[in-house]
Every structure is written in structure tokens, then in C-alpha cells.
Amino acid sequence: MSSAATTSSGGQGGAAASQAYVTLMLGDQLCGVPVLAVRDVLAKQPIARIPLAPPEVAGNLNLRGRIVTAIDLRQRLHLPKRAPDAGAMSVVTEQGSELYALLVDQVSEVVTLKAADMERNPPTLPPVWAENSRGIYRVSERLMVVLDVDKLLQIDTGMAA
Amino acid sequence: MLLVAAGLWGAMDDLLPEFLAETNESLAELDLALVKLERNPEDQATLSLIFRLVHTIKGTCGFLGLPRLERVAHAAENVLGRVRDGELAVTPDVISLVLAALDRIKAIVAGLGSTGAEPAGDDGAVIADLNRVAAGEAAAKPVAAKSGGAAESASASPSASAPEEAPHPPADTQGAEGAVGAQTIRVTVEVLEELMTLVGELVLTRNQLLQLSRTQGTTAFSAPLQRLSHITSDLQEGVMKTRMQPIGSAWNKLPRLVRDLAQETGKKIVLEMRGQETELDRQVLELMRDPLTHMVRNSADHGLETPEERRAAGKPETGRIMLNAYHEGGHIIIEIADDGRGLDLDKIRAKALAKGLATEAELAVMTEAQIRAFIFRAGFSTAAAITAISGRGVGMDVVRSNIERIGGTIELSSTFGAGSCFTIKIPLTLAIVSALIVSAAGEKFAIPQISVMELVRVGHDTDSGGAGTDEKGGGTGMAIEHIGETPVLRLRDRLLPLVSLSSLLRMDAAAGSETTTVVVTAVGSGLLGIVVDEVFDTEEIVVKPVAPILRHVTMFSGNTILGDGSVIMILDPNGVARSAGVSSRSAPGAGEASPGQRSGTGERVALLLFRAGPAGATYAVPLSLVARLEDIPASKIEYSASGPVTQYRGQLMPLVAMDPGSRFAVRSGAAEDEAASQPVLVFADGERSMGLMVDAIIDVVHDRLRIELGGGQEGVLGTAVIAGQAADVLDTGHWLTLAWRDWFGGDKPATAVRHHVLVVEDSDFFRQLLVPTLSAAGYDVTAAGSAAEALRLRDGGLVVDAIVSDIEMPDMDGFGFAQRVRQGGAWAELPMIALTGRGGAADESRGRDAGFTDYCQKFQREALIESLRQCLAQQVLV
């Protein structure tokens, strides 16, 4: 249903038309991920933690025989930690033939939005959000942040590249 | 010419099958193309294809030294060349003639395939026909007639299949091809790849089944499952084998490349290749081919200087590029080194700044390694001029991403002016390995079985340390001991450095487990014990590379899914060793140091490695010289006027610090940390003992001691490569005399007559140990490395007063030497003292029979000096 090509080009391709987004919740914030970048949506999964990994990396999970690296978006976006008993859903995405599961609080519906309606990030957005956001939509009286998956997966490993 | 051919022969063995397969393919293609050309003589594309194919065959034949094939192909190429240039029309006759030539080539190739050599035969007629056409003389008719003649002449050749084939149309020649190509078929990598993936999945499923059956007890499924398991393993092995290739096949083209580059750039370059036979997975090899070529090209173009520059820099004119490949753990290490100009960090900084890759402030705080790493950035090239060869800035970034794609790493070390060395570490295979499953702090990990040497179950930590607890627990259960903060395990006769997996991975250790297990792993050329909580079983695991965001955690070489579906990390013992600060780097020359290859000074000695001194350098000392290792609590260290001392076994033992600035070297005003302790090497001789304060004991290893003398640093005999790392060899004499000035009886008054002693000893180390020892005792010393050398000195008129000789020496041993000395000559009456590593009355009496005056154990300095004194005293009396 998706491929690496669509993941990397993502929403830019749909400048003329409209774009479908998977909406998800992170804390109180509504966020959206281009539907073409999403391979799978998973309910709570057992996650094997990885010692010494960057804090954003929650661990590994097994998706039908493939190893998926789980990224905790709360950590990634500097949000407070999820309550230990709260289950996290994951949105699985692919980058460079590697699979990543983005851990979020809740995944909800798919919405289709006109590209022309996307607004630019307000300059006052906290830097970590500004870096990882492509823009803002107004969806049923709420603001939805369009997450830039490629940016989210650029995790500082503490090494000079 | 003949010599060259002979030299090529080894390479030919490898190349021939490949040549045959390729040529057969080309021939089949040629048949089709020629027929096509005949139908459509104006088809330039087909014509140039034909020309190229024939040209390639000719070229390869020439390279492989196949004169018969080359001549035929050359003649055919001439004809085709004329056709291509429009000087000759494409007529059926010309085509037939070329086809006849091809048939001849096929016949020869068939003979080559079955016997490995060109069959004998005369191709004069075919070649003459071709030449005639090429020369434009002959027209259609005679050629057609001659082509029959060619077939006849072929029938005279011993190759049985040739005459039948020659007149046949192309389609029928497939039989011959099949015969040649039967042993090998070409399979696309994708097919192999898919097979491997399937086998990987099969292995995982098998593991799952085994896991299930373990919980079920014996059922009707058990036996077939066992069989399935075996077959799966065999299948896996078979599929793996189809993918292994020696790395040399990726290097074949490099000598030529380097030669051409040398010509083009006017440099003198030699390419040295080592470890060509190292096998690795085909997929890995394919991915490495281009990076390697690129890097060698880089070395030749950027790395090495012109002969003039080299001369000016005081280097030999000819630059060297060294390629080396070897196995280390489950990895292949490939090194590409050159002795060229090295990386100019300033240039890189400037470039990085110019390209906007970093700001000046960022650059200022970067380490050298980080700055060097810029060359791996896209679009970065330090070559001042873009040459045709390299310098277009597409390169090192591609190299790195290629290597990282297969789960490898690349490191770069460089000394400005002295050269650079790229070290590439890549997994042996991307596929399946056998691994030991262990747990630490509740998490499971896999350790590749290939690096696991043994498992040792140990009881829990006992409180060791403090003087006086010597020789504790000789034969009882194994226990982890501590030297300072460093845990070690006394495993048989070695000290094994230990690391705790849970603390290394910064996980909370599971408290209260009664026993732990030490997984003894081979890292580089040493051993490392990894302390884990529990060991499960071994499992075949499918190695999957870790996600790029985890690549920096070098302790993991991959991850995998177990039979129960859980995802676990695969530990890389070498990475673990590096993280723990245990060097695992093997010496670059490790390949040539394999046992048995070295001659002469080849005694293996137990060496204690320790860290000491202001720079934290690694030192080595023969373990036999060290009486004990102690860990002395700070509270036990007292200070006398001459320095620190401790009460040791009822006596005062002076302590000497290797680092004058170390904590306990002088009494410090501040209150000492009571818990602190000081590792000490105790040297004892008779009543006297002395403690050398060092920073940490590293290991005990068995290795040959080859001292590369030099340095001239006080207290060090020289530097040697021990267990793959450089270590300074301790001059114990220097340190002993620091503690006791008269350790060697040195305070005796300078005798009126200084006696001259000849030392005959093959081991560099002992020679270097004996000479200062005897000098300190007041003797003039001459040293000889062998009995023969000593005898030459005698014949040269050297006058000595006594001889000290080793017994075990290559060529002529001590016994033989003594007999030769006693037989006559200037030294026949001299006192001779034998030195031996082994004692025993039998040996001793044999020594006396051979003519030795006295017999001493090596290392017993006092005994030796006493013996010398006595012998020489008797001499005077006589």
C-alpha cells in the first residue's frame, strides 16, 4: 500500500490536489501523518528495549518477522512521559527500507485535506515542533500539526556525522 | 616471456573457468549477431557489438597466454575491423568465414575446458583465409571453397569434436557449449538472494517448531522434526556456500588499475595485497568491490606523492599501497593503507568551512577524528585539482554509505606526512549465524558462537585484596577477584579481564543472583570475559542489521528474532571490548605472525601486561620475574625518608612508583581515601623484595617477545608487539636498583681488573636482560646471538674471561657449543656457565659432561653472579 518512494516525497507531491492524513494524538495535540507514509497501524505491542540507544528509541518490535525500531514520539517531541499503564499505538513507516514504529497515544480517523489549506508553522512554535512539522491544518475546530516523518526519524545519535 | 606466463599460472587457475564461461556466452551471442548482420548488413549496432565481442575474446586470450585462440581471434578481428570501417562489404561469404573462425575458437575453447590447456592444432588455413579477405585480395568464391578446406584442416587436429562442428550452422553448436559449461552455471544474484531469504525464514520457522516441541515432550512429531532440523541446517550451509567468494576476486583488477594510475600520474607505486583468500559472502563482496576500487584509486591519486615530493620528504621514491584482509570474530577486516602524505587536517578544516559544512566555532572544538570524518561527507573533496581519476567529490560518502548498508563500519587513521589507513569492518555474511543466548539484567542478548571460547560458571564475588592474602583458593571454585576496581578471573594460568554486561549496557543489575557465568570471548587476539546473569541455549539466528539510528552503538552487530518471536540484540564482542577499554585491535601484521612461521627467537613466554606511567602506557614484563601481584590498601602504605614502603610478610618492602606523579609516590598532605588501594607487582629475590606501583594489571598472555629496541627511555628495554598491541618491555633491573641499590650485589668495590664476559643467548629479551644485569655487577659484557656467532668472535681473536651460554638455541645448542669450545682454541680453558630454563639433575650432568663449569637457572641473577664470581676466583687461583 505504500512504498519508499511515496514516503520520501510525502505530501509535497500533492500540492495541486488534496492529501489524506492519518490523524493521531500526542498528549493533547492532534497530529497528522500523510497516509502514504503509513504502512501499518498497530495496537499495543511488546517492545524489547535496546540498551544504550538514544532515549527516543523505545526499542524493537516484531512485525510479522520484520524488526521494527520503535520511536517514542512523546520523547522525540519533548512531551511528558506516558503513564506506564497507558497503552501506546504505533504508526509504522518505512525509510530507506527500514521500518520504524512511531509510538503515539491514539490513532484515529483518516482525513482528506486540501493542500491549499495548509498553513505555515507559526514562528512561535517551539523549535522541536517547528523542526518536525510541515505545516498546520484546521480540522473541525482543532489545529492539526502535519508531522514530517523524515525529520522525526533524524535522531541525533550524539555522533558527528 | 615464459617466466611471466609461469607467474601468471596461479592467477590463471582462478581466471580460466571464468574466462570459459564468459567466452561461451560471447560466442553464443556472436553466432546470433553474425546471422543478424548477414540479414541486415547495414546494422551498425550489431556490427560494433560483434567487433567488441571478438575484440574482448582476443584481449582476454592474450592476457591468459592462449596463443592459438588469440591468433584466430586476431585474424577474425582484422576482417571485422575492415567491415566496420566500410572497406569490406558484408557478404555471406565474409560472414561464413568469420563463423568458421568462431567455430574454430569454440573447438579450442572446448579443448581448453576439458583439459585445461589449449589443444594442439594448426589454424594456418583459417587464418590465411581471414587474412586474405582482410587484405582485400580474395573475393567470395575462393573463400567459400576455402572454408571447406578449413574444416578439413581442423579434422587433423586432435580435438575430436572440432571437425564435426566446424561446418555446422551455429544452432547446433550448443552441444559443445553445454559440455564446457556443465560444471558451472551462472545464476543471478537475485536468485541466490531469494534462496537465502527463504532459508532464513525456514530457519526461523524451524526454531519456532523446536521451541514448541521442547515444551511438548516426545511426540510423534519429534523424530521428523529432528530430521527437518538437520536438513534445514544442511540446506542453509549449502546455500551459504554458494555465496562465498575469496576477496581476491574483487582485487583482481586493482594491480592493473594501480599500474595505469602510476603511469598517468607519473608516480611510482607498488600494490601489496595480503589475505586474498579470505572468503566472504558474495553479496558483501559485490557491495565492497566499488568502494575498494575507489579507495585504492584515491590512495594512488591523492594519498601518494610524486617521486620528487617523496624524495624531498625523505621517503623512498616508490609509494606503497597495502591491502590486507583477515577475519576477526565474525567479521572481515579490510585495511587499505598507503605511506603517502596523509590527511592534511588544516586543508580539511578550510574546505569544510568553505563548503559551509561547519562553522569555525564548531571546527575549533572538533577532535581530529571528527575532522577527518568530513571526507566522508557528500560533495567533499580535498584534491586541489579535479583530475580525471578522482576528486569529483563523489566517492568517500558513497563508500561509507555502501559499507554501512551492509552493517559495516569504516575507520580512518592518518598521520600527516606518513600516510593513511582505512579500516573497514564488515560482517562475514549478512545471513545466518549460530549464537549463544544470554541474559543480563532481565534482557536477552545473542553472542555469536564463533567468538565464544568457553563458559565459566563462577561463584559470587569474594572480598579479595589486601596484602597477606596470597595464593588464596588455589584449587577451589572459581571466583571473580578484583585488582583495584577491575574485576578479573584467574582462569587456569591467565588473568582474564572481565566486563559486566549489565553495567556496560548501563542496565540495573539483577541483584542477589548466587552465581553468574563468564562468557569467555575471543576479541582480536586476546580474550575477554563477559559476565552475564544467565546462559540459555544456542540458536541459529538470522542476522538483521540494526537500524541506522542505532549504528553508533558499536556493541551491537545486529539484531534478530528468536524462536519465541522476541526481538533481541546481537552483541559484538569486539565492540564490547572497545567500549570496556580493552583494545582489540590486532596488529596489522598479525597475519604473518602465525605460529611456526617465525624462526629463531621464537620462545613463547608468559607476559604480564599492565598499565602505568604518566601516559598510561601498556607495559609488559615476563611473568616469571614477578613473584606476586598484590593490591595494597592505601592505609598500609607508609613513607620512609627514601619513599613509600609497606610492611610485607613481616619485612619492610620499598615501593617504587613507575609514575613519579602518581598518588602514592610521595606522601600527600590530604587525608588518603581509606578505601583506595594500589596494585603492586612484587619482585622478590631471596630475602629482598620490592613493589612496583602500577596503575592497573591488564592481562597475562603467552606470546613471543620480540623487542624492537629503541626509545632509550629509562626503565624500558624497548617496545614489543604483544598480543597484538604495542607494549613497552620493562627493564626490571632499572627498577630493582631504584629500590635496592645493591640488588645485583652492585656495591662491591670496583675491582682492579674488570672481567670480560661473553653472553651467548638467542633470545633478544634475555640477552637484553643479561647484559645490563652483568654490567651492573661490574663486568664488561659482549653478547652473541648464536653459538656460531660466538665462535666467529673467538676466531676473530676476542679475549674474554668467562662465557655464559644459553642451552636451548637453534642450530647449535649450548651443549654443542661447549664441546666446540672445549675442543681447543683460545677459550678452551675458560669457565663456562650454562643458563637454562629447565632444571634437573640429568640436564645438569649432561651440561657438565659437555664442558660447562656451572649450571644456572635463568632469572636467578644472584646465583648467576655468585657463580661467575666463584668461577673467576678459581681462575685467578689457578
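Reading the values: the criteria
Every chain begins its residue count from 1, and numbering advances along the sequence as written. Think of it this way: whatever chain is written first is A, whatever ligand is written first is 1, and the rest follow in order. Restriction of local features to residues with pLDDT of at least 70 applies here, the model being predicted, together with a cutoff of 80 or more for giving and counting side-chain atom pairs; totals for whole chains, interfaces and linings are based on all residues. Labels follow the DSSP assignment, with helices taken as runs of H or I lasting at least four residues and strands as runs of E lasting at least two, numbered in each case from the N terminus. Note that contacts rest on C-beta atoms placed from the backbone: two residues are in contact if these are within 7 Å. A pair of strands is labelled paired if DSSP reports no fewer than 2 bridges between them. For helices, the fitted axis covers only the stretch in contact; all axes are lines through C-alpha atoms, and the angles between them, taken along N-to-C directions, range from 0 to 180 degrees. Only buried Ala, Val, Leu, Ile, Met, Phe, Trp, Tyr and Cys residues enter a nonpolar core, and they are joined through C-beta atoms within 7 Å. Whether a residue is buried, exposed or partly exposed follows from its count of other C-beta atoms within 10 Å of its own C-beta, namely 20 or more, 12 or fewer, or something in between, respectively; the C-beta atoms are built from the backbone. When an angle is under 35 degrees it counts as roughly parallel; over 145 it counts as roughly antiparallel; between 65 and 115 it counts as roughly perpendicular; any other value is oblique. We call a crossing left-handed when the near helix sits turned anticlockwise from the far one by less than a right angle, and right-handed when that turn is clockwise. Note that Gly is not counted as nonpolar here; it falls among the polar residues with everything else outside the nonpolar set of Ala, Val, Leu, Ile, Met, Phe, Trp, Tyr, Cys and Pro and the charged set of Asp, Glu, Lys and Arg. What pLDDT conveys is the predictor's confidence in a given residue, as a value from 0 to 100.

Some thoughts on the overall build of chain B
On a plain count of helices and strands, chain B comes out with 26 helices and 35 strands. Summarising the internal contacts of chain B: among those between residues at least 6 apart in sequence, 66% fall at separations of at least 24.

Considerations on the sheet that holds strand 5 (residues 66–72) of chain A
Residue and element names in this part refer to chain A. One open sheet holds the five strands; their spatial order is 3-6-7-5-4, and the pairing between them is mixed. Strand pairing shows two members of the sheet lacking a second neighbour, strand 3 (38–42) and strand 4 (57–63), which therefore form its edges. Within the sheet, the average angular offset between the axes of one strand and its neighbour, ignoring direction, is 30 degrees. When strand 3 meets strand 6 (residues 89–95), the two strands line up antiparallel, connected through four bridges. In the strand pairing of strand 6, valine 41 is matched with valine 91.

Description of the nonpolar core
In this structure, Ile71(A), Ala446(B), Ala620(B) and Leu692(B) are the most contacted members of the largest nonpolar core, which totals 132 residues. Per-element tally for this core: the top contributor is strand 8 (residues 432–440) of chain B, with six residues. Other than its neighbours up to four places away in sequence, Leu692(B) contacts Val656(B), Met658(B), Val680(B), Leu681(B), Phe683(B) and Trp735(B). Judged by nonpolar contacts, the second largest core, of 39 residues, contains Leu30(B), Leu66(B), Ala75(B) and Val133(B).

Brief notes about the packing of helix 9 (residues 189–216) of chain B against helix 10 (residues 222–242) of chain B
Residue and element names in this part refer to chain B. Where helix 9 meets helix 10, the axes come as close as 10 Å, and the angle between the chain directions of the two elements is 155 degrees. Compared by their axis directions, helix 9 and helix 10 come out roughly antiparallel. Relative to helix 10, helix 9 is oriented so that their crossing is left-handed. In contact with Leu192, Leu195, Met196, Val199, Leu202, Val203, Arg206, Leu209, Leu210 and Ser213 of helix 9, helix 10 contributes Ser222, Leu225, Leu228, Ser229, Thr232, Leu235, Gln236, Val239 and Thr242. Considering only residue class, the contact of helix 9 with helix 10 consists of twelve nonpolar, six polar and one charged.

Observations concerning the environment of Ile332(B)
By secondary structure assignment, the location of Ile332(B) is in strand 5 (residues 331–338). Sequence separation between Ile332(B) and Ile424(B) is 92 residues, and the spatial gap between their C-alpha atoms is 8.0 Å.

Re the interface of chain B and chain A
Between chain B and chain A, the residue contacts involve 24 residues of the former and 20 residues of the latter. Counting residues per element, the side of chain B that touches chain A draws most heavily on strand 18 (residues 567–571) of chain B, which supplies three residues. Of the residues that constitute the side of chain B that touches chain A, the class distribution is 15 nonpolar, five polar and four charged.

Notes on the pairing of strand 23 (residues 643–648) of chain B
Each regular strand shows side chains that alternate between the opposite faces of the sheet. Residues and elements named next belong to chain B. By the bridge criterion, four bridges tie strand 22 (residues 637–640) to strand 23 in an arrangement that is antiparallel. From the neighbouring strand, glutamate 638 faces strand 23, where its bridge partner is valine 645. Where strand 22 hands over to strand 23, the hairpin turn is made up of two residues, counted between the paired strands. Taking the residues between adjacent antiparallel strands as the criterion, strand 23 and strand 24 (residues 651–657) are bridged by two residues, where arginine 649 takes a positive phi near 50 degrees.

With respect to the sheet that holds strand 8 (residues 106–114) of chain A
Residues and elements named next belong to chain A. Read across the sheet, five strands follow the order 8-1-2-10-9 without closing on themselves; strand pairing throughout is mixed. One side of each edge strand has no neighbouring strand; the edge strands of this open sheet are strand 8 and strand 9 (133–139). Each strand axis lies, on average, 35 degrees off the axis of its neighbour in the sheet, ignoring direction. Strand direction decides the pairing type here: strand 1 (residues 18–26) and strand 8, joined by seven bridges, are antiparallel. Bridge assignment links glutamine 19 to a residue of strand 8, and that residue is leucine 113.

With respect to the confidence of the model for chain B
All names here are of chain B. When the pLDDT values of chain B are averaged, the result is 74; 76% of them are 70 or greater. Looking over chain B, one finds the lowest element-wise mean pLDDT in helix 7 (residues 161–165), namely 38, and the highest in strand 18, namely 90. Low confidence marks residues 384–394, where pLDDT is under 50. Its contacts with residues over four positions away, or in another chain, come to 20 contacts. Low pLDDT, under 50, characterises residues 745–752; the predicted model gives this stretch eleven contacts beyond four residues in sequence or across chains. With a pTM of 0.43, the predicted complex shows an ipTM of 0.80.

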